[in-house]
Amino acid sequence: MLLECMMNGHAILYTGVTLAFWSTILIVGICYTIFDLGFRFDVAWFLTETSPFMWASLGIGLAISLSVVGAAWGIYITGSSIIGGGVKAPRIKTKNLVSIIFCEAVAIYGIIMAIVISNMAERFTGTTPETIGARNYQAGYSMFGAGLTVGFSNLFCGICVGIVGSGAALADAQNASLFVKILIVEIFGSAIGLFGVIVAILQTSKVKMGD
Amino acid sequence: MATTGTMHLQRISASLAVLLALFSLLNSAKCDEQVPLILWTSEGVSTSTQAPPAAGHIVEQQQLSSYLEKALNEGAKNVVLFLQDKMSIEDFTMYGGAFGNKQDSVYPNLEVALMSSSSRLVLPAVSWPASNAVIGQLQDQLETSPLYMDPETLSQLRLNASSSALLVFRLPYGIGADLMSAKEILSGNDEVIGQVMSIMKSQSVPYTAIYTALRPSREAASLSMEAGQGGGRSLLQYRGGYRDRERERERQRKVKERPGVYGPVEFKEGDETCILLWAKSLSVKILRSGTWEDHDLTPSTFGEGVSPKLHGSSCDKTKARLVLNYENVLGHRSFKLMFAMSQRHYKVSARRWFTLDAVELEYDGTKATFNGSRHIYAPAEYSYRCESVTNFRWPLLTPRTSKDPSNQWRVSFEDFQIQGFNVSSSEFSYASDCAGFFSPGIWMGLITSLLMVLVLTYGLHMIMQLRTMDRFDDPKGPAISVPQTE
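All residue numbers refer to positions counted from 1 along the written sequence of the respective chain. The lettering of chains begins at A and the numbering of ligands begins at 1, in the order of writing. It should be noted that, the model being predicted, local features are given only for residues of pLDDT at least 70 and side-chain atom pairs only at 80 or more, the latter also being counted only at that level, while totals for whole chains, interfaces and linings use all residues. The side-chain quantities take in all heavy atoms of the structure and omit both hydrogens and water.

Taking an unreviewed UniProt entry as the reference, chain A is identified by name as V-type proton ATPase 21 kDa proteolipid subunit c'' belonging to Labrus bergylta. UniProt positions are given in the numbering used here, feature names are shortened, and annotations may be inferred rather than shown by experiment. According to the UniProt record, the Subcellular location (unreviewed entry) comment for chain A is "Cytoplasmic vesicle, Clathrin-coated vesicle membrane". Checking UniProt for chain A, the heading Sequence similarities (unreviewed entry) contains the comment "Belongs to the V-ATPase proteolipid subunit family."

Visitor: Would you mind showing me how to read the overall build of chain A here?
Guide: When helices and strands are counted, chain A shows nine helices and zero strands. Working definition: helices are DSSP H or I runs of at least four residues, strands are E runs of at least two. Numbering for both runs from the N terminus. In sequence order, the secondary structure elements of chain A are arranged as α-α-α-α-α-α-α-α-α. Each of the 211 residues in chain A was classed as buried or not, and the buried ones make up 40%. Considering only contacts in chain A between residues 6 or more positions apart, those separated by 24 or more positions represent 84%. For chain A, the exposed surface amounts to about 11,700 Å²; the carbon and sulfur share of it is 76%. Relative accessibility thresholds used throughout: buried, under 20% of the residue-type maximum; exposed, over 50%; partly exposed, between the two (1.4 Å probe, protein chains only). Every residue pair with non-hydrogen atoms within 4.5 Å of one another is taken to be in contact. In short, Shrake-Rupley with a 1.4 Å probe defines the accessible areas, and a residue's cover is counted only from the protein chains shown.

Visitor: Just to check I follow, could you spell out the overall build of chain B for this structure?
Guide: Check the secondary structure of chain B and you find 11 helices and 20 strands. A buried classification covers 39% of the 486 residues belonging to chain B. Contacts spanning at least 24 positions in sequence make up 66% of the contacts within chain B whose residues lie at least 6 apart. Accessible surface for chain B amounts to roughly 27,600 Å². Of this, 57% is attributable to carbon and sulfur atoms.

Visitor: Explanation requested: a nonpolar patch on the surface in the structure shown.
Guide: Together, Phe21, Trp22 and Ile25 of chain A together with Leu450 and Leu454 of chain B give the surface a local cluster of nonpolar side chains, amounting to about 510 Å² of exposed area. Sorting the residues of the nonpolar patch by element identifies helix H2 (9-34) of chain A together with helix H11 (440-464) of chain B as the ones contributing at least two each. Examining the composition of the nonpolar patch, we find that three residues originate from one element, H2 of chain A, more than from any other. Tracing the sequence through the fold places Ile25 of chain A in helix H2. The patches described consist of residues with a relative accessible area above 30% and no salt bridge, like charges being joined within 9 Å and nonpolar side chains (Val, Leu, Ile, Met, Phe, Trp, Tyr) within 5 Å. Note on definitions: salt bridges are taken to be side-chain nitrogens of Lys or Arg within 4 Å of carboxyl oxygens of Asp or Glu.

Visitor: Where do I start with the packing of helix H4 (residues 52-88) of chain A against H11 of chain B in this structure?
Guide: What describes two packed helices is the angle between their axes and the distance between those same axes. In contact at an axis separation of 12 Å, H4 of chain A and H11 of chain B are set at 5° when each is read in the N-to-C sense. It follows that H4 of chain A is roughly parallel to H11 of chain B by the angle criterion. Taking contact as the criterion, the partners of Met54, Leu58, Leu62 and Trp73 of chain A in H4 of chain A are, on H11 of chain B, Met444, Ile447, Thr448, Leu451, Tyr458 and Met462 of chain B. In this classification, Asp, Glu, Lys and Arg are treated as charged, Ala, Val, Leu, Ile, Met, Phe, Trp, Tyr, Cys and Pro as nonpolar, and every other residue, Gly included, as polar. Tallied by class, the residues present in the contact of H4 of chain A with H11 of chain B amount to nine nonpolar, one polar and no charged. Working convention: axes come from line fits to C-alpha atoms, limited for helices to the stretch in contact. Angles between N-to-C directions cover 0 to 180 degrees. Relative orientations are named as follows: roughly parallel for angles under 35 degrees, roughly antiparallel for angles over 145 degrees, roughly perpendicular for angles from 65 to 115 degrees, and oblique for any other angle.

Visitor: Hey, could you run me through the pairing of strand S17 (residues 383-390) of chain B in this one?
Guide: Regular strands have side chains that alternate between both faces of the sheet. Residue and element names in this part refer to chain B. Burial analysis of S17 places seven of its eight residues in the buried class, the great majority of the element. Bridge analysis of S17 against strand S20 (residues 431-433) gives three bridges, and the strand direction is parallel. Looking across to S20, one finds that Arg385 is bridged to Asp433. Criterion used throughout: strands pair if DSSP finds at least two bridges between them. Of the strand pairs in this sheet, S17 and strand S19 (residues 409-419) are connected by six bridges, and their pairing is antiparallel. From the neighbouring strand, Val389 faces S19, where its bridge partner is Phe413.

Visitor: Just to check I follow, could you spell out the pairing of S19 of chain B for this structure?
Guide: Residue and element names in this part refer to chain B. Burial of S19 is extensive: 10 of the 11 residues sit out of reach of the surface. Where strand S8 (residues 272-278) meets S19, three bridges bridge the pair, whose relative direction is antiparallel. Counterpart to Leu277 in the pairing with S19 is Ile418. For strand S9 (residues 281-288) and S19, the ladder comprises six bridges, and the chain directions are antiparallel. Within S19, the position partnered with Lys285 by the bridge is Arg410.

Visitor: What am I meant to see in the UniProt feature "transmembrane region" (unreviewed entry) in chain A here?
Guide: Residues and elements named next belong to chain A. The feature "transmembrane region" (unreviewed entry), as annotated in UniProt, sits at residues 12-35, 55-76, 97-121, 141-171 and 178-202 in this numbering. When the span residues 12-35 is considered, its composition is 96% helix and 0% strand, and the gap between its end C-alpha atoms is 34 Å. Helix makes up 100% of residues 55-76 and strand 0%, with an end-to-end C-alpha separation of 31 Å.

Visitor: Any chance you could explain the pattern of salt bridges here in plain terms?
Guide: Side chains carrying opposite charge are able to pair once their charged atoms draw close together. Residues and elements named next belong to chain B. Taken as a whole, this structure holds 16 salt bridges over all chains when the rule is applied. The salt bridge involving Asp85 is made with Arg170; its shortest N-O contact spans 2.8 Å. With Asp85 in strand S2 (residues 78-86) and Arg170 in strand S5 (residues 165-171), this pair connects stretches of sequence that are 85 residues apart. Its relative accessible area of 25% is what places Asp85 among the partly exposed residues. Salt bridges sharing partners connect three or more residues here, namely Arg385, Glu387, Asp415 and Asp433.

Visitor: Explain helix H2 (residues 61-74) of chain B to me, please; I cannot follow it from the model alone.
Guide: Residue pairs spaced three or four apart in an α-helix point in one direction, given the helix's 3.6 residues per turn. Residue and element names in this part refer to chain B. By this rule the span expected of a helix is its residue count minus one, scaled by 1.5 Å. A rise of 1.5 Å per residue sets the reference length of H2, with its 14 residues, at 20 Å; its end C-alpha atoms lie 20 Å apart and thus fit the reference within 8%. Those residues of H2 not exposed but buried are Gln61, Leu64, Ser65, Tyr67, Leu68, Ala71 and Leu72. Taken around the axis of H2, the buried residues stretch over an arc of 160°, which confines them to a single face. The arc refers to the directions leading from the helix axis to the C-beta atoms.

Visitor: I would appreciate a short explanation of the interface of chain B and chain A in the present structure.
Guide: Note on interface size: it is often stated as the accessible area lost on association of the parts. Between chain B and chain A, the contact holds 27 residues from the first and 21 residues from the second. Buried area is calculated as the accessible area (1.4 Å probe) missing from two parts once they are joined, with the contributions of both summed. Between chain B and chain A, roughly 2,200 Å² of surface is buried when both sides are summed, and carbon and sulfur atoms account for 68% of that area. Here chain B and chain A share two salt bridges between them. The definition of a polar contact used here is a pair of N or O atoms within 3.5 Å, where within protein one atom must be able to donate a hydrogen and the other to accept one, and adjacent residues in sequence count solely through side-chain atom pairs. Across the contact surface, chain B and chain A share four residue pairs in polar contact (both at pLDDT 80 or more).

Here it is in structure tokens:
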């Protein structure tokens, strides 16, 4: 039975990835300890030597991609419910498009933030931590943080709106008066995406990359 | 006869013991040289065979005299002594056909004599100064004076079985430089041995023959001394103690010094080495009227027999300063290169670290300072090593200010290693290298790749949980048919 459980693709994938990750960490940690080279493990070196551009780019990428994942997930959940419910009650299809629009809004937040953040990435001349300067480091990290903020907020917002929208469609199919009340729940769900956008804007408000 | 013999023997032993002590005092370095001695008796003389010595055993004076005494007491009183100028066991190895090439052997007559003798004794190693006393011993034991002769005179001599006689044949030996001549000489000596043997046989007188030499032909002692202390070591050699190891290492280091390999610059405070510096090359360049003029400081700092002047250097528990003084560098009469290091305890890492705070060039009153503490650091108990320490190419040294004279200089240290604290035994401690295992670029790639892998994993998870809808499957119902026409 264990073998049957292991034959499951999921189990193999997750055990494989987990094993690889933890064994790498364990072996690296053991080597550092045995050879008394713990002094070479330097987080500050990592943070100052890696380019701020990497962090900025990661932020931009995550902003758009995580938002789109959230939106897509929401649309897929709502969409299948509307289509399914619409077979028996075709009147729901027009009204329930508003749930889809709420999900789509999440993706729009993501792309707007991605464009806003990417406009802040400027060229700077400087190769060493001193010549790069604190401002550029701050810019890089802020952009990364902002991208992460907006991305994850939109991801969960999209999923939330999607599930609520799905419920709304099916309830509407049963009883037309239920839809308006459920829409309020959806509005609350949508607000959390907006919070993420606001915080991301605040994070990147002080960013000034360049010389 | 026996009692006088023993008394003689005792007197001989006593005098020889004193002689031996004297010899060993005078020739202490050479006391591990040996000379072989071969003894055989003629046919028909049966003696109890004496046990040969154990392999590698060096026969000393006392033992030699006891061997000879036994041989002479039981054997014949006529002793034929072949005394070669020089002999070592290596002669037999090299020229005696020992490697299966009996046809090349230069000792055929000797071998025949040994084979045909009734008893033989081979002492491959008789301690050398003692072996010189063979003649004296024989003389005393036989109570006759030696007769120096050659085969012609021997044929004219009439020997008597009852009376003792000591016949000595001096055999030459080559100088040793020319191998061919040594072989020929040994061959000639063997001829002489053969002739003497045949004459003795024709006279049918029982005799004891001894083949030995006055001194060894090879300087074996130096080989063994080298093996112990110079380059190699024998398998079972005991490496005793730290001091021995230290001495050995130092000797090995001096022996192995080749061009390009030299020791570090050492600054000693009192007796203890305090600062160590090594580099493959030290060079400085100055920008003068638009061109770079360079000067290589390596030959005046490192190398065999080069000792740079270190006036002004100092070191204590927390600060170390190494000053290298030069003359006539780039037109400056006095030129100093200073390395200033400091060490202290850092709370976050709970460890002592040392940093190379500054590299200063001082010339004609001007001081050019480079900061190095940003990149050049290592834990205090280790040394710092870097392939390239420069201020222009992947710079680890930066000018102190933008107006500093160091902005006109370019310093370059190749394969640079420095240690200013916790120096023990004038050797570098473990070298903390400036190059880590992963470069920043590798880390950035790894982080991004890890992110991609996570995304991929999640995507795979989602795809793998898609299932075909089978709610309305009815295996017993009619199959779906899609009509071609409307």
